[in-house]
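# Coordinate analysis (summary)
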Amino acid sequence: MKKLLLVLLIISGQFFAKADEGMWMPLLISQNYAEMQRLGLKLTAEQIYSINKSSMKDAIVHFGGGCTGEIISDKALILTNHHCGYSYIAALSSVSNNYLMNGFMATSREQELPCPGLSVKFLSRIEDVTAKVNSYIGDAYGADVEKKFAVIAKEISEKANENGTYESDVKSFYAGNKYYLFVYQKFTDIRLVGTPPENLGKFGGDTDNWMWPRHTCDFSMFRVYSNNDNKPAPYSPNNRPYIPKHHLPVSLKGVKDNDYAMIMGYPGRTTRYMTSFGVDQAINLSNPTVVKIRDKRLSIMRGEMEKDPAVDLAYASSYAQIANYWKYFIGQTEQLKNLNILAQKEKEEKQFLNWAKENDKSLTTLMNDYQKAYAAYQPYVKHATFYREAFMAPAITKFAMSFDMIDKALNAEVSKDSINVLCKRILKARKGAFEGFNLELDKKVFAALNLMYYQDVPKAQLPAVYTNEVFGKYGSDDWQETFDNYTENVYAKSILLDSAKFEYMCNADNIETLMQDGAIVHALSVMQNYNTNYAPKVNEFNYEMFDLNRAYQGALLEKNKGKTMYPDANSTMRVSYGKVSSYAPKDAIFYNYYTMADGLLEKYVPGDKEFDLQPKIVNLLKNKDFGPYADKSLGGLVTCFITTNDITGGNSGSPVINGNGELIGCAFDGNWEAMSGDVAFDKRYKRTICADVRYIMWVVDKVLGGRMLMDEMSIRN
Ligand code: ARG
């Protein structure tokens, strides 16, 4: 009988209730340690996170602010995703020397390529500063919390930065119920070591993106350089590879179903405590708006990029980023509906209400307050989305927006000198603003998205420019034609696009004339209308949400006292643990937990942008030339595998680590059936997609000729 009960508990998942779901703070990992051991972890908690001894956390970097990387050699070799290195690889490429297309491998230190603008951060320590922050914030609400938090956070982090090359940060957890200090060391001399050609690093393109089964070899390699004291330093040819406190050994042993898997990295943002009202707004309003705008923008970009390899390269990175979250929002909407997340949230809210009635009467109106806040914000959601996604899309508009500060200065009648100071700043920014700029593409985006803005944003909220300029001067019954003619005129006459003229005009003497430029008039009309009338509504909503979320999550912490409850992701280091695991996405369909190189050949379409492969790679695959990277029992090359780990955007590039602390893969995506995962974790379907480390090593060695890199790693066979 006892045995039966045990079996039942295991089947119903109760036993492992805490596994899989949760992005845990490494500082508090002892809470989860027993569970992790039970699943197969062999390391001590200290080996994962320690501030006195070197530990796993010392091998993890926050890469470029939005991704994760791991150190895999004692010479600070970084492994991250191809899509994390993408913009840097593209920036180093030209049409005649295209590393993005052909791949790259430095065969000596001298060949490693500096990446301007790229930095990585190592975490030194985490400290609970809740008491300090709370005593300063007191009983403030909304906007006041933000103001006070900024002051105390600055004070705490500046103190932490004393005596060292640190860069610290205080972050809010559980929506302002806890605060932690993070002390980092930031390195800015980062160099590209190697990357696969795009048709491996992004194999499957947008078609396969966010989907399993997958065959993408989504990795790239960089190196951290330091000065001779092993400290961060700006780029210098005299810098040398940083000596890291810890690096991950690489296991070539491979994975099996149910093997323990752990991921450490920097998840960016989740909203797991979002209420049903938020889910409703996402499904019915904000997500479809984003998708509609991006659909249009992407198709215009594609059309122009296909015409010219130089345009293709210049816009490749921005296209990939826009497309990634275009598909994300399609998938999120679909799965929020499929998995009935709305009903699930409503059920949780009912339970909460019952608990509140028993335990804290003041919380019984909380859900009503949420409902009211969402309802009050609803009329402005489209406008806020269009402002961000459509209005700011053309490069000319983005640049023209900087004249808002000149406009304000002119209205305040400041001196000529101050105008000249502002003009100098704008002149300096101009170069970057039009880097890789394509006139046709920008014009088409401007015309199409302004037309959409005009059609979709409620009429009463539209800025004057549409009546005065667009329809006043170019109006006809054909709206498309109206916007095309308006656009043609703005771009044909704009001084912003002519660097010599612009330089001549951008100063106090000519500023009044410059301010009449059609692109500036357009940008300021839309921007000032939004900032005056609608940004305050957005802010009001955000502050209201902050207060409500603080109350809700504070109450949930109380309700769950004695149990562990993980905070939403906030771009701080987290640990997730789970196991390698297959899944069944639909009735009668079963997805195995790994893919193999045969699948690359099955998907291969010569000449196709997403599924092409270079002849050299096809040959290696056909000859089954897998060397020591082949899986011993399967007799072929394993390409990708899936685990039950809980990750999100920002985790990209994170190490997938086995029970012995060895690297088995590099996490790079989530799966379609669980695209609602940032809002609600579904245990049945949520998987993390990882490139098998043996696939990565095969590409480094056989495809890129980078065997020597293996000599600096600690390979475990
Ligand atoms: N979906 C992946 C992520 O967000 C990025 C994949 C990049 N590849 C692409 N085809 N856009 O982590």
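Residues numbered from 1 in each chain as written. Predicted model: local features only at pLDDT ≥ 70, side-chain atom pairs only at ≥ 80, totals over all residues. Heavy atoms only, no water.

Right, let's get into helix H10 (residues 276-305). Between its terminal C-alpha atoms H10 stretches 41 Å, which fits the 44 Å expected from 30 residues at 1.5 Å a residue. The largest bend in H10 amounts to roughly 50 degrees and is located at Ala-282. (Helix = DSSP H or I, 4+ residues; strand = E, 2+ residues; numbered from the N terminus. Expected span 1.5 Å × (residues − 1). Bend = angle between axes of the 7 residues up to and from the residue.)

This part is about the site of the ligand. His-83, Lys-202, Gly-205, Asp-206, Asn-209, Trp-210, Ala-320, Asn-324, Ser-652, Phe-668 and Asp-669 make up every residue found near the ligand. Contacts to the ligand include Gly-205, whose backbone N or O atom sits 3.3 Å from a nitrogen atom. Across the complex, the protein chains shield 94% of the 340 Å² of accessible surface that the ligand would expose by itself. For the shell around the ligand, the secondary structure elements donating two or more residues are helix H9 (205-208), helix H11 (309-338) and strand S20 (663-670). (Near = heavy atom within 4 Å. Polar contact = N/O pair within 3.5 Å; in protein donor to acceptor, adjacent residues only side chain to side chain. Areas by Shrake-Rupley, 256 points an atom, 1.4 Å probe, with all protein chains shown as cover.)

Another aspect to go through is the environment of Glu-158. The residue Glu-158 is located in helix H7 (residues 142-161) in this model. For the pair Glu-158 and Ile-495, spaced 337 residues apart in sequence, the C-alpha separation works out to 43 Å.

Bringing the pairing of strand S14 (residues 574-579) into the picture now. Most of S14 is tucked away, with five of its six residues classed as buried. Taken together, the six bridges between strand S13 (residues 260-265) and S14 define a ladder with antiparallel strand orientation. Note on S14: the bridge partner recorded for Met-264 is Val-575. (Buried < 20%, exposed > 50% of the residue type's maximum accessible area, 1.4 Å probe, protein only. Pairing = 2+ DSSP bridges.)

Let us now look at the nonpolar core. In terms of nonpolar packing, the biggest core is built from 213 residues, with Met-221, Val-224, Phe-403, Leu-514, Ile-696, Met-697 and Trp-698 touching the most fellow members. Among the elements that take part in this core, helix H23 (residues 518-559) stands out by supplying 16 residues, more than any other. Among residues more than four places away in sequence, those in contact with Trp-698 are Ile-617, Leu-620, Leu-621, Asp-625, Phe-626, Tyr-629, Leu-637 and Val-703. Residues Ile-137, Ala-160, Val-170 and Tyr-179 belong to the second largest nonpolar core, which totals 13 residues. (Core = buried A, V, L, I, M, F, W, Y, C linked by side-chain atoms within 4.5 Å. Contact = heavy atoms within 4.5 Å.)

Attention now moves to the packing of helix H14 (residues 381-391) against H23. In contact at an axis separation of 10 Å, H14 and H23 are set at 145 degrees when each is read in the N-to-C sense. Of the two elements, H14 crosses H23, and the hand of that crossing is left-handed. The segment H14 lies against H23, with His-383, Ala-384, Tyr-387 and Phe-391 engaging His-522, Ala-523, Val-526, Met-527, Asn-529, Tyr-530, Asn-531, Tyr-534 and Val-538. A breakdown of the residues in the contact of H14 with H23 according to their chemical character gives nine nonpolar, four polar and no charged. (Axes fitted to C-alpha atoms, helices over the stretch in contact; angles between N-to-C directions. Left-handed = near helix turned anticlockwise from the far one by under 90°. Nonpolar A, V, L, I, M, F, W, Y, C, P; charged D, E, K, R; others polar.)

Under the definition given, this model contains 46 aromatic pairs. Measuring from centroid to centroid gives 4.7 Å for Tyr-325 and Tyr-328, while their planes differ by 40 degrees, and the two rings are tilted. With Tyr-325 and Tyr-328 both in helix H11 and three residues apart, this pair spans about one turn of that helix. Overall, Tyr-325 belongs to the partly exposed group, its relative accessible area being 27%. Here the aromatic residues Phe-386, Tyr-453, Tyr-454, Tyr-466, Phe-471, Trp-479 and Phe-483 are joined through ring pairs into a cluster of three or more. Here the basic side chain of Arg-191 rests over the ring of Tyr-225, its NZ or CZ set 3.6 Å away from the ring centre. Sitting above the plane of the Tyr-454 ring, Lys-459 keeps its charged end 4.5 Å from the centroid. (Phe/Tyr/Trp six-rings, centres within 6.5 Å; stacked < 30°, edge-to-face > 60°. Lys NZ or Arg CZ within 6 Å of the ring centre and 35° of its normal.)

Close reading of the predicted structure is inappropriate where its pLDDT is low. When pLDDT is averaged along the chain, the result is 96; 97% of the residues meet or exceed 70. Segment residues 1-17 is flagged for pLDDT under 50; beyond a separation of four residues in sequence, or across chains, it makes 10 contacts in the model. (pLDDT = per-residue confidence, 0-100.)

Below, the discussion takes up the state of the cysteines. A complete count under the given rule lists one disulfide for this structure. Here Cys-115 is not disulfide-linked; the sulfur of Cys-84 is the nearest cysteine sulfur, at 13 Å. In this model Cys-217 remains outside any disulfide bridge; the closest cysteine sulfur is found in Cys-640, 7.3 Å from its own. Taking relative accessible area as the criterion, Cys-217 reaches 0% and is therefore assigned buried. (Disulfide = S-S within 2.5 Å.)

For the rest of this paragraph, the subject is the environment of Ala-261. Looking at the secondary structure, you find Ala-261 in strand S13. Looking at Ala-261, the relative accessible area reads 0%, which means it is buried. In sequence terms Ala-261 and Leu-39 are 222 residues apart; their C-alpha atoms lie 8.8 Å from each other. Non-local contacts of Ala-261, meaning those with residues more than four positions away in its chain, are made with Ser-576, Tyr-577, Gly-578, Lys-579, Val-580, Thr-643, Asn-645, Val-656 and Ile-657.

This part takes up the environment of Arg-223. Its place among the elements puts Arg-223 in strand S10 (residues 220-226). According to the relative accessible area criterion, Arg-223 is buried, its value standing at 1%. Of note is the side chain of Arg-223, whose polar atom sits 3.0 Å from the side chain of Glu-112. There is a polar contact of 2.9 Å between the side chain of Arg-223 and the side chain of Glu-712.

With that out of the way, let us pick up the pattern of salt bridges. What the rule picks out here adds up to 40 salt bridges. A salt bridge links Arg-214 to Asp-669; the shortest N-O distance between them is 2.9 Å. Separated by 455 residues along the polypeptide, Arg-214 in the loop between H9 and S10 and Asp-669 in strand S20 bring together distant segments of the chain. By relative accessible area, Arg-214 is classed as buried at 4%. Residue classification places Asp-669 among the buried residues on the basis of a relative accessible area of 7%. (Salt bridge = Lys/Arg side-chain N within 4 Å of Asp/Glu carboxyl O.)

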